[in-house]
Amino acid sequence: MKPLRIVVYKALPADVEARLAEHAELVPVAADALHSSDARTADAARAALADALADADGAIGSSVTIDAALLARATRLAVLSTVSVGVDKFDLDDLTRRGIVLTHTPDVLTETTADAVFALMLASARRVVEMAELIRQGRWQASIGPAQYGVDVHHKTIGIVGFGRIGQAVARRAALGFGMQVLYTGPRPVPQAESAYGAVRVELDALLARADFVCLQAPLTPATRHMIGAAELARMKPEAILINAGRGALVDETALVAALREGRIRGAGLDVFETEPLPGDAPLARLPNVVALPHIGSATLDTRHAMARNAADNLLAALDGARPQNVANPAVLARRRPVTRAR
Ligand SMILES: NC(=O)C1=CN([C@@H]2O[C@H](COP(=O)(O)OP(=O)(O)OC[C@H]3O[C@@H](n4cnc5c(N)ncnc54)[C@H](OP(=O)(O)O)[C@@H]3O)[C@@H](O)[C@H]2O)C=CC1
Ligand SMILES: O=CC(=O)O
């Protein structure tokens, strides 16, 4: 029997790749080239990905927009498994129409990403990167003074926009670890967080006006794109810090740069950007009141391994006709494409 074919468009840990290879022929597509800043290299890699998908039963990877053009010839493709919790690189309705199952990796990265949010909060508030750079550049020649002082995190007010798995894990750290008042906004109340962490649900405008730290942890959807623009930034306190570990496009970056340059907010801690990788000459890479990280929210050895394992399990379950643990478009299950092994 001819094996199933799985397109692999991200480097995977060796044990995860070996597990997939027990069940299917793996078709690697150069992941780095897909993200090349050289348009011809990236276009060639996309063409190679489209060719590979045209003859595949499943695919696993992350950070690549899988659009209708890439799927046009993928008539056999039954499952896409993204090694991420975010599914903004996919058109879920289109996948459902095509009968393609999309799986993702929630939960396994929740605590690690919440840690990263706190790293950004602490680094931004206490100016950790800027002060470390002072030493690296040999510029620590006297005790630092008020011009270098930071602001406290403990006992301040945090406003969390997107109060799901990660947002609530941030709230737990904030309330129980740092004695912070927790405000949140989102489509529905979360009573268990209200009783466990004293969290208070408010409208976005009230959150922006009251929070010392505004933390974005909502998914990127048409409704959340640029949900923080000039008007929202203007509502924030001048001493407030914006933290974004959700998706870059939640924020209008042009408006953010203006607010940061003009000192209308104190600073920003950013793990995500509208364009990734963020070009080195982009204003957000250069402003002194920004701590910018290269999308490392879930990037620990343990968690990235757990995500890859989870993505592989999801993929194999779907190819086996079972219900995977984490399906992002459950409506597809009633009309999924059959997986038939070619003989
Ligand atoms: N920087 C990084 O490396 C990482 C980034 N992420 C990002 O974090 C996001 C959240 O992950 P996770 O917590 O697991 O996801 P969840 O689905 O558990 O949480 C997202 C929450 O946002 C809410 N939400 C949806 N729309 C809005 C809105 N307009 N305003 C406020 N809240 C809204 C959702 O509500 P409802 O469920 O009711 O729709 C849900 O409660 C991911 O989608 C991803 O983009 C995740 C991991 C790592
Ligand atoms: O950004 C990371 C994710 O898992 O989503």
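Residues numbered from 1 in each chain as written. Chains lettered and ligands numbered in written order. Predicted model: local features only at pLDDT ≥ 70, side-chain atom pairs only at ≥ 80, totals over all residues. Heavy atoms only, no water.

- For the chain, an unreviewed UniProt entry supplies the name D-glycerate dehydrogenase and the organism Robbsia betulipollinis.

1. Considering the sheet that holds strand 9 (residues 213–216)
Step number 1: Read from one edge to the other, the open sheet built from seven strands follows the order 8-7-6-9-10-11-12, with strand pairing classed as parallel. This sheet does not close on itself; its edge strands, each paired only once, are strand 8 (200–201) and strand 12 (290–292). (Pairing = 2+ DSSP bridges. Helix = DSSP H or I, 4+ residues; strand = E, 2+ residues; numbered from the N terminus.)

2. Comments concerning the packing of aromatic side chains
Working definition: an aromatic ring pair is given by the centre-to-centre distance plus the angle between the planes.
Step number 1: The tally for this structure, following the rule as stated, stands at two aromatic pairs.
Step number 2: Geometrically, the ring pair formed by Phe-163 and Tyr-184 is stacked, given 4.1 Å between the ring centres and 15° between the ring planes. Within this pair, whereas Phe-163 is found in the loop between strand 6 (157–161) and helix 8 (165–178), its partner Tyr-184 is found in strand 7 (residues 181–185), the two being separated by 21 residues in sequence.
Step number 3: Overall, Phe-163 belongs to the buried group, its relative accessible area being 8%. (Phe/Tyr/Trp six-rings, centres within 6.5 Å; stacked < 30°, edge-to-face > 60°. Buried < 20%, exposed > 50% of the residue type's maximum accessible area, 1.4 Å probe, protein only.)

3. Digging into the sheet that holds strand 4 (residues 79–82)
Step number 1: Spatially, the five strands line up as an open sheet ordered 2-1-3-4-5, and their pairing is parallel. Edge strands, defined here as strands with exactly one partner in the open sheet, are strand 2 (24–28) and strand 5 (101–103). Within this sheet the neighbouring strands show an average axis-to-axis angle of 20°, counted without direction.
Step number 2: Pairing of strand 1 (residues 4–8) with strand 3 (residues 58–61) involves three bridges; the strand directions are parallel. Within strand 3, the residue paired with Ile-6 across the bridge is Gly-58.
Step number 3: Along the sheet, helix 1 (residues 14–23) makes contact with strand 1, strand 2 and strand 3, crossing strand 2 at roughly 130°. (Axes fitted to C-alpha atoms, helices over the stretch in contact; angles between N-to-C directions. Contact = heavy atoms within 4.5 Å.)

4. Looking at the site of ligand 1
Step number 1: Close to ligand 1 lie 26 residues, the nearest being Arg-165, Ile-166, Arg-188, Ala-245 and Asp-271.
Step number 2: Take Ala-245: an N or O atom from its main chain is 3.1 Å from a nitrogen atom of ligand 1.
Step number 3: At 2.8 Å from a nitrogen atom of ligand 1 is found a side-chain nitrogen or oxygen belonging to Asp-271.
Step number 4: Across the complex, the protein chains shield 81% of the 930 Å² of accessible surface that ligand 1 would expose by itself.
Step number 5: Considered class by class, the residues forming the shell around ligand 1 number 10 nonpolar, 12 polar and four charged. (Near = heavy atom within 4 Å. Polar contact = N/O pair within 3.5 Å; in protein donor to acceptor, adjacent residues only side chain to side chain. Areas by Shrake-Rupley, 256 points an atom, 1.4 Å probe, with all protein chains shown as cover. Nonpolar A, V, L, I, M, F, W, Y, C, P; charged D, E, K, R; others polar.)

5. Digging into the UniProt feature "domain: D-isomer specific 2-hydroxyacid dehydrogenase catalytic" (unreviewed entry) in the chain
Step number 1: UniProt feature "domain: D-isomer specific 2-hydroxyacid dehydrogenase catalytic" (unreviewed entry): in the numbering of this structure it lies at residues 41–329.
Step number 2: The distance from the first to the last C-alpha atom of residues 41–329 is 32 Å, and the span holds 40% helix and 13% strand. (UniProt positions renumbered as here; feature names shortened; annotations may be inferred.)

6. A short note on the pairing of strand 11 (residues 267–270)
Every other side chain in a regular strand lies on the same face of the sheet, so the side chains alternate between the two faces.
Step number 1: By the alternation rule, side chains of strand 11 split into Gly-267 and Gly-269 and Ala-268 and Leu-270, which are all buried.
Step number 2: In this structure, strand 10 (residues 241–244) lies alongside strand 11, joined through four bridges in parallel fashion. Counted as the bridge partner of Ile-243 is Gly-269 from strand 11.
Step number 3: In the classification by handedness, the crossover that spans strand 10, the intervening helix 12 (residues 253–261) and the parallel strand 11 is right-handed.
Step number 4: Sheet topology places strand 11 next to strand 12; three bridges connect them, and they run parallel. Residue pairing across strands places Leu-270 opposite Ala-292, the latter belonging to strand 12. (Right-handed = clockwise from strand over helix to strand, strands pointing away.)

7. Some points on the nonpolar core
When a protein is soluble and globular, its nonpolar side chains tend to lie buried together.
Step number 1: Within the largest apolar cluster, 53 residues are counted, with the highest numbers of intra-cluster contacts made by Ile-6, Ile-60, Met-121, Ile-158, Phe-163 and Val-182.
Step number 2: A total of eight residues in this core trace back to one element, the largest contributor, which is helix 14 (residues 301–319).
Step number 3: Two domains each provide a minimum of three residues to this core, namely domain 1 (5–107 + 300–334) and domain 2 (110–292).
Step number 4: In contact with Ile-158, other than residues within four places in its own chain, are Met-121, Val-170, Ala-174, Met-180, Gln-181, Val-182, Leu-183, Ala-211, Phe-213 and Cys-215.
Step number 5: Residues Val-214, Val-251, Ile-265 and Leu-284 belong to the second largest nonpolar core, which totals 31 residues. (Core = buried A, V, L, I, M, F, W, Y, C linked by side-chain atoms within 4.5 Å. Domains from an automatic or database assignment.)

8. Brief notes about the site of ligand 2
Step number 1: Lining the immediate surroundings of ligand 2 are Ser-84, Val-85, Gly-86, Leu-109, Arg-247 and His-295.
Step number 2: Separating an oxygen atom of ligand 2 from a backbone N or O atom of Gly-86 is a distance of 2.8 Å.
Step number 3: Within the side chain of Arg-247, an N or O atom sits 2.7 Å from an oxygen atom of ligand 2.
Step number 4: Relative to its unbound accessible surface of 190 Å², ligand 2 loses 85% to contact with the protein.
Step number 5: Grouping the constituent residues of the shell around ligand 2 by class yields two nonpolar, three polar and one charged.

9. Description of the side chain of Thr-103
Step number 1: Inspection of the secondary structure assignment puts Thr-103 in strand 5.
Step number 2: We classify Thr-103 as buried; its relative accessible area is 0%.
Step number 3: Within the local environment of Thr-103, its side chain forms a polar contact with the side chain of Ser-81, the two groups lying 3.2 Å apart.

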